[in-house]
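If you want the building blocks of each chain, they are given just below.
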Amino acid sequence: MDQIVIQGGKPLKGEIRISGAKNAALPLMAASLLTEETLSLSNVPHLADISTMARLLAQHGVNLHMNGGAENGSNGGVLELRAERITSVVAPYDLVRKMRASVLVLGPILAREGRAQVSLPGGCAIGTRPVDLHLNGLELLGAEIDLKEGYIYAAAPGGLVGAPVVFPKVSVGATENLLMAACLAKGETQLLNAAREPEVIDLGECLIKMGAEIEGLGSDRITIRGVERMQGAEHSVVADRIETGTYAMAAAITNGELDLIGGRADHLSAVIKVLTEAGIEVQETNRGLKVRRANGQVHGVDVMTEPYPGFPTDLQAQTMALMSTAEGASMITESIFENRFMHVPELTRMGANVNVHGASAMVRGQQRLTGAEVMATDLRASVSLVLAGLAAEGETVLNRVYHLDRGYERLEQKLAACGAEIARRQASG
Ligand SMILES: CC(=O)N[C@H]1[C@@H](OP(=O)(O)OP(=O)(O)OC[C@H]2O[C@@H](n3ccc(=O)[nH]c3=O)[C@H](O)[C@@H]2O)O[C@H](CO)[C@@H](O)[C@@H]1O
Ligand SMILES: C=C(OP(=O)(O)O)C(=O)O
């Protein structure tokens, strides 16, 4: 198995091109199931999750073709998807268990075929992550849902029928599943308390290009008027705000200066507010964002994760790494997932001083972190250890690199090009 080895203490300087967002690309790929015509997606990142979704779609009968790549800093790949015929309505456990976003095929397959059978995704390292909101929403559109032998059996033989759906809790995935399903439902659907994340807007904008009638994207009230059929379209995947935020924190934690090409301030308002309060300057340029410390110091700040436009849970672990080296204390509260502090014991092994009480972690900033052998059980926890390793004295060895490969395109290359001493190697023994 691969490891990432970092010799810490080098300030990062240079530019990093931000990739297309994993969390936008995945639902966009699932949207290809809504039409027999070709959906062409550009700026698609090369990531393990994208390959998993490609394998899942291929076994549903989608023809996929990837052109180009992100090598040499180019703009990601162009992925063409054509679901001329859906040859299987079953999403098997083997693929769904690898990636929870697989459940996003449920809405489109059910809407197009009148039935779908999708493995229940199960829990994961960051929490139980149920799909009740997806299923209750589809039931309101007239689907009959049965849970048997670990699978969701969904049927709507006469087609889905639009209806008001009030989500009791904001869910990105449930909003996306319902948004796609409602496109082919008869009549009007209203999604209330809908997610407002930029990735939901990106999906909605692509669906509009595909012929959908959607209003209210970016608000908590989305209206969809169902259409008879959807068509092919071309769409470029929105820039990854989580990757942008991660590299902004890499600049800050190493006391360096990075230009994040294609990074968007408008998708990171809550994050920029926190960073500014912590003494980090985030400046908009005509190519993206420039990030550095304002006065050489990072100060502790309190952070609470919330649905968009609040502070993203997907940047909580990275923020904790940054605050571990800040002057003063920070209180970090995780309000989205019940078990998203798995990076804490590993950061502690590197010298961080963190005490968790329920959903909050008190971080007391230390003068320095020290390199160690560490591992993490999820994507953002892993990258928080990379950030800590970049700032730490000595060598950090990160195990279970496959978590990083789910969501960070060419991570070592991007960091090494800015002066980080970072390499991937095969673990011995
Ligand atoms: C592929 C993708 O886009 N993943 C993102 C998406 O995940 P995902 O779409 O799975 O996250 P949700 O927004 O659905 O989850 C928010 C909260 O609602 C709960 N919930 C969700 C659905 C449901 O049916 N019942 C229920 O109780 C979840 O357990 C969680 O506590 O949004 C999360 C929150 O911003 C991000 O951390 C993930 O990176
Ligand atoms: C939690 C994440 O992804 P997923 O929802 O695919 O597990 C993430 O991107 O941080």
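Our subject in this report is the structure included herewith. In this text the structure is predicted, and so the values were computed from the model without any measurement.

**Re the site of ligand 2**
Line of reasoning, step 1. For ligand 2, the full set of nearby residues is Lys 22, Asn 23, Ile 126, Arg 129, Asp 314, Arg 340, Leu 379, Arg 380 and Arg 406.
Line of reasoning, step 2. In the model, an oxygen atom of ligand 2 is placed 2.9 Å from a nitrogen or oxygen of the Lys 22 side chain.
Line of reasoning, step 3. About the coverage of ligand 2: the protein hides 87% of its 300 Å² of free accessible area.
Line of reasoning, step 4. Secondary structure elements with two or more residues in the shell around ligand 2: helix H1 (22-31) and helix H12 (379-391).
Line of reasoning, step 5. Along the lines of polarity and charge, the residues of the shell around ligand 2 split into 2 nonpolar, 1 polar and 6 charged.

**Overview of the side chain of Lys 22**
Line of reasoning, step 1. You can see Lys 22 is positioned in helix H1.
Line of reasoning, step 2. Not counting residues up to four positions away in its chain, the partners in contact with Lys 22 are Pro 45, Leu 47, Asp 49, Asp 240, Leu 379, Arg 380, Arg 406 and Gly 407.

**Remarks on the sheet that holds strand E7 (residues 115-119)**
Line of reasoning, step 1. An order of E6-E7-E9-E8 is seen for the 4 strands of this open sheet, with the pairing classed as mixed. Of all the strands in the sheet, the pair left with one neighbour each is strand E6 (90-91) and strand E8 (144-148).
Line of reasoning, step 2. With 2 bridges connecting them, E6 and E7 associate as parallel partners. The partner of Ala 91 across the bridge, within E7, is Val 118.

Conventions we followed
- Residues numbered from 1 in each chain as written.
- Chains lettered and ligands numbered in written order.
- Predicted model: local features only at pLDDT ≥ 70, side-chain atom pairs only at ≥ 80, totals over all residues.
- Heavy atoms only, no water.
- Near = heavy atom within 4 Å.
- Polar contact = N/O pair within 3.5 Å; in protein donor to acceptor, adjacent residues only side chain to side chain.
- Areas by Shrake-Rupley, 256 points an atom, 1.4 Å probe, with all protein chains shown as cover.
- Helix = DSSP H or I, 4+ residues; strand = E, 2+ residues; numbered from the N terminus.
- Nonpolar A, V, L, I, M, F, W, Y, C, P; charged D, E, K, R; others polar.
- Contact = heavy atoms within 4.5 Å.
- Pairing = 2+ DSSP bridges.

Without other data, these values stay purely geometric and don't point to any function.
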